[in-house]
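Structural overview
What follows is the residue order along each chain.
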Amino acid sequence: MKIEKSEKLFAQSKQVIPGGVNSPVRAFQAVGRTPLFIKSAAGSHITDVDGNTYIDYVCSWGPGILGHAHPQVIEAVQRACADGLTFGAPTEKEYILAEMIREAMPSMDKVRLVNSGTEATMSAIRTARGYTGRDDIIKFKGNYHGHSDGLLVKAGSAALTTSVPDSGGVPAAYTQNTLVALYNNEDSVRELMEKYGDQVAAIIVEPVAANMGVVLPKPGFLQFLREITQEYGSVLIFDEVITGFRLGFGGAQEMFGIKPDMTTLGKIIGGGMPLAAYGGKREIMDKVSPTGPVYQAGTLSGNPIATTAGIETLKILKAHPEYYTQIAQSAEKIAAAFRDWADKKHKKLQVNQIGSLLCAFHTDMPVVDYDSATSSDTKAYAEYFWYMLEKGIYTAPAQYEAMFVSAAHTKQDIEETCKIILERQ
Ligand SMILES: *Cc1c(COP(=O)(O)O)cnc(C)c1O
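Residues numbered from 1 in each chain as written. Predicted model: local features only at pLDDT ≥ 70, side-chain atom pairs only at ≥ 80, totals over all residues. Heavy atoms only, no water.

**Examining the overall build of the chain**
- For the chain, the count of helices and strands is 13 helices and 16 strands.
- The C-alpha radius of gyration of the chain comes to 21 Å, within 12% of the 22 Å expected for a compact globule of 425 residues.
- Projected onto the principal axes, the alpha-carbon positions of the chain cover approximately 55 × 55 × 45 Å.
- Out of the 425 residues in the chain, the part that is buried amounts to 56%.
- By sequence separation, contacts in the chain at least 24 residues apart represent 71% of the contacts at least 6 residues apart.
- Summed over its atoms, the accessible surface of the chain is roughly 18,400 Å², and 51% of this surface lies on carbon and sulfur atoms. (Helix = DSSP H or I, 4+ residues; strand = E, 2+ residues; numbered from the N terminus. Rg over C-alpha atoms; globule rule 2.2 N^0.38 Å. Buried < 20%, exposed > 50% of the residue type's maximum accessible area, 1.4 Å probe, protein only. Contact = heavy atoms within 4.5 Å. Areas by Shrake-Rupley, 256 points an atom, 1.4 Å probe, with all protein chains shown as cover.)

So, in C-alpha cells, the structure goes:
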C-alpha cells in the first residue's frame, strides 16, 4: 500500500492545522501512523489521494447510512445549490425536515435545527435548565455529547459527585454542575438523585453508547432513567446523534419503547452536510427564543443545502424500511466472523453489536460500561486496524469507536470483509 501523497499532505497540513486535522480522531494517533487523505467516495467504497480504494466502515462516523454520494441526494443538493446557498430567512425545507423528524419521533413536538451535535446537546441542556429552573445535570462516564465546556468532564477521583474538566481550557467552575454517573449502573444514578435530585435539570444519556465502542443498555436501564427523572421532575434527554435514524427510523427510543422528554439528533439527519437538531415536548421547547427566554441562534442554522441533503436521506430511509433489516444482518455477519476468529485463534475478543453498529473490543471482560470498555488492549486494536487496512478495509482508527454498516455495503462487501477477518493469524 503506497501512501506517499497522504504522507506529504499530512506533513504540510501539520504546518497550518493543529495536528494536521480538523477533528482529533482523524489524525490516526491511536493507531500511530499517517492518516489517509481521502479524495472521493462512492457507495461502500472510499478512495485516498494515492488511489487506494477501501471498503469503508467509518462512513463519516455515522452520517453515511446510505453509503457515499447517493445519486438521489447528490442530485437534490446540486439542484438546491443553484437556488442559493443561504438566505438567513426561513425556508419551506426547514419546516419539511422538522415535520419528518417529528413524524419519526413522536416524543418531539417541536424541533430546532442547528449545525452540529455539539450545538444540539449544549442547547438541549440550556433549554432543560431554563425549563426546570435548576442548574445540575447528570451525564454518564464514557458517553460523549460533543465538546461544549460543561460536558468535557471526567468523574473526580474521590466520588462520582465531583467532576473535573477533561480538557485544557475548561475552568473548573464550568463543570461543577455536571454530575457523572456510571452507564448501566442504576445505583450510581439513584445515589446522585437522592442527594441532588431537586437540583437536577436533566439526565443526558446515549441510549446505546457508541463513543466508548458500542455498549448496549442493560435490560431495564433506560426504563429506570425514565422513571427516576419523572420522580424528581428532571428532564430526560436522549442523545440520539448516532442512534437516531440508525437503529431504526424511530431511533433508539422506538427500539426500546421509551419516550424521552428531549432528543438530540445529528449525523444522519444532515445526510452528510452539517446539520443537527434538538427537540422535545412542546412546553419545554416553547422556552426557546423567540417564544421563551432561553437564547439560542445560528447564522447558518437550517441551511437550505443541508436541509435538502437531510430531507432526501430521510425520504430514502422511509421508503426502504428493509434497509434497516439488511444493515443489521450485515453487522451480525461481521460480528459472527469476529467471534469465530477469536474462538479459532484463542484470542481475547468481546463483540458488541446492535442494528448496524458494532465494536470488537480486545478484552476478555464483557463490555458493559466505561471501565470494562477501557480494559481493551489498544495495541491489539492497532494491529487489527493495520491488518484490515492493508487488506483494503477502512475501519475506525481507534478502539473506542463504532464500526458503521451502510445500506450500500453489498453482500460481496460483507463476505469479503468476513473472509479477511477470518484469515487473520
Ligand atoms: C458525534 C456525537 C456528538 C457530537 O456531534 P458533532 O456533530 O460532532 O458535534 C454528540 N453526541 C453523540 C452521541 C455523538 O455521537
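**Some remarks on unusual backbone geometry**
- With an omega of 10°, the peptide bond running from Ser289 to Pro290 counts as cis.
- Mapped onto the fold, Pro290 is located in the loop between helix H8 (282-285) and helix H9 (304-319).
- Phi at Ser60 is positive, roughly 55°, even though this residue is not glycine.
- Phi angles above zero are rare outside glycine, and Ala69 is one such case at about 50°.
- Among the secondary structure elements, Ala69 is positioned in the loop between strand S3 (53-56) and helix H2 (71-82).
- Residue Ala69 is classed as partly exposed on the basis of its relative accessible area of 44%.

**Comments concerning helix H10 (residues 322-345)**
- An ideal rise of 1.5 Å per residue puts 34 Å on 24 residues; H10 measures up with 35 Å between its terminal C-alpha atoms.
- All buried positions along H10 are accounted for by Tyr323, Tyr324, Ile327, Ala328, Ser330, Ala331, Ile334, Ala335, Ala337, Phe338, Trp341 and Ala342.
- His346 lies just past H10 and shows a positive phi near 55°. (Expected span 1.5 Å × (residues − 1).)

**With respect to the environment of Gly84**
- Here Gly84 is to be found in the loop between H2 and helix H3 (92-104).
- Spatially, the C-alpha atoms of Gly84 and Pro304 are 8.1 Å apart, while their sequence positions differ by 220 residues.
- Apart from the residues within four sequence positions on either side, Gly84 is in contact with Pro304 and Ile305.

**Let's talk about the site of the ligand**
- Every residue lining the ligand is accounted for by Ser116, Gly117, Thr118, Tyr144, His145, Gly146, Glu206, Asn211, Asp239, Val241, Ile242 and Lys267.
- The separation between an oxygen atom of the ligand and a polar side-chain atom of Thr118 is 2.7 Å.
- At a separation of 2.7 Å, a nitrogen atom of the ligand approaches a polar side-chain atom of Asp239.
- Residue composition of the shell around the ligand, by class: three nonpolar, six polar and three charged. (Near = heavy atom within 4 Å. Polar contact = N/O pair within 3.5 Å; in protein donor to acceptor, adjacent residues only side chain to side chain. Nonpolar A, V, L, I, M, F, W, Y, C, P; charged D, E, K, R; others polar.)

**What to know about the packing of helix H5 (residues 186-196) against helix H6 (residues 221-232)**
- Viewed as axis vectors pointing N to C, H5 and H6 meet at an angle of 5°, and their least axial separation amounts to 11 Å. As summarised for this structure, H5 and H6 are arranged roughly parallel, according to the angle between their axes. Note on element contacts: H6 touches H5 through Phe221, Phe224, Leu225, Ile228, Thr229 and Tyr232, opposite Glu186, Val189, Arg190, Met193 and Glu194.
- Among the residues forming the contact of H5 with H6, the class breakdown is seven nonpolar, one polar and three charged. (Axes fitted to C-alpha atoms, helices over the stretch in contact; angles between N-to-C directions. Parallel < 35°, antiparallel > 145°, perpendicular 65-115°, else oblique.)

**Thoughts on the domain arrangement of the chain**
- Segmenting the chain into domains produces domain 1 (4-69 + 321-423) and domain 2 (71-319).
- Put simply, the middle of domain 1 and the middle of domain 2, counted by C-alpha atoms, are 25 Å apart.
- Each side of the interface is counted separately: domain 1 has 33 residues, and domain 2 has 32 residues.
- Of the roughly 2,500 Å² buried between domain 1 and domain 2, counting both surfaces, carbon and sulfur atoms make up 70%.
- Looking at the side of domain 1 facing domain 2, the largest losses of area belong to Tyr324, Ile354 and Tyr370, adding up to 25% of the total buried there.
- Asp371 serves as the salt-bridge partner of Lys141, at 3.4 Å between the closest nitrogen and oxygen.
- Where the side of domain 1 that touches domain 2 is concerned, the elements lending two or more residues are H10, strand S13 (350-354), strand S14 (357-361) and helix H11 (370-373).
- Considered class by class, the residues forming the side of domain 1 that touches domain 2 number 22 nonpolar, seven polar and four charged. (Domains from an automatic or database assignment. Buried area = accessible area lost by both parts, 1.4 Å probe. Salt bridge = Lys/Arg side-chain N within 4 Å of Asp/Glu carboxyl O.)

**Considerations on the sheet that holds strand S10 (residues 235-239)**
- One open sheet holds the seven strands; their spatial order is S4-S12-S11-S10-S9-S5-S8, and the pairing between them is mixed. Looking at strand neighbours, the two that pair on one side only are strand S4 (110-114) and strand S8 (178-181), the edges of this open sheet. Ignoring which end each strand starts from, the neighbouring axes of this sheet average 20° apart.
- Along the sheet face, H5 touches strand S5 (136-140), S8 and strand S9 (200-205) and points at about 150° away from the line of S8. (Pairing = 2+ DSSP bridges.)

**Observations concerning the sheet that holds strand S15 (residues 393-394)**
- An order of S1-S2-S3-S15 is seen for the four strands of this open sheet, with the pairing classed as mixed. The open sheet terminates on both sides in strands that have one partner only, identified here as strand S1 (38-42) and S15.
- Relative to S3, strand S2 (residues 45-48) is paired through three bridges, and the arrangement is antiparallel. Across the sheet, Ile46 pairs through a bridge with Tyr54, a residue of S3.
- In this fold helix H13 (residues 411-423) packs onto S2, S3 and S15, with an angle of close to 95° to the strand it touches most, S3.

**Looking at the packing of aromatic side chains**
- Counted by the stated rule, this structure contains twelve aromatic pairs.
- A ring pair is formed by Tyr183 and Phe221, whose centres lie 5.4 Å apart and whose planes are at 65°; its orientation type is edge-to-face. With Tyr183 in the loop between S8 and H5 and Phe221 in helix H6, this pair connects stretches of sequence that are 38 residues apart. For the pair shown, Tyr183 and Phe221 are each scored as buried.
- Taking the centre distance of 5.2 Å and the plane angle of 65° together, the rings of Tyr381 and Tyr384 count as edge-to-face. Of this pair, Tyr381 and Tyr384 both sit in helix H12 (residues 378-390), three residues apart, which is roughly one turn of the helix. The same class applies to Tyr381 and to Tyr384, which are both buried. (Phe/Tyr/Trp six-rings, centres within 6.5 Å; stacked < 30°, edge-to-face > 60°.)

**A look at the environment of Ile327**
- Note that Ile327 resides in helix H10.
- Each C-alpha atom, one on Ile327 and one on Arg134, is 41 Å from the other, the two residues being 193 residues apart in sequence.
- Those residues in contact with Ile327, other than ones at most four positions away along the chain, are Ile65, Arg246, Gly355, Ser356, Val405, Ser406 and Ala407.

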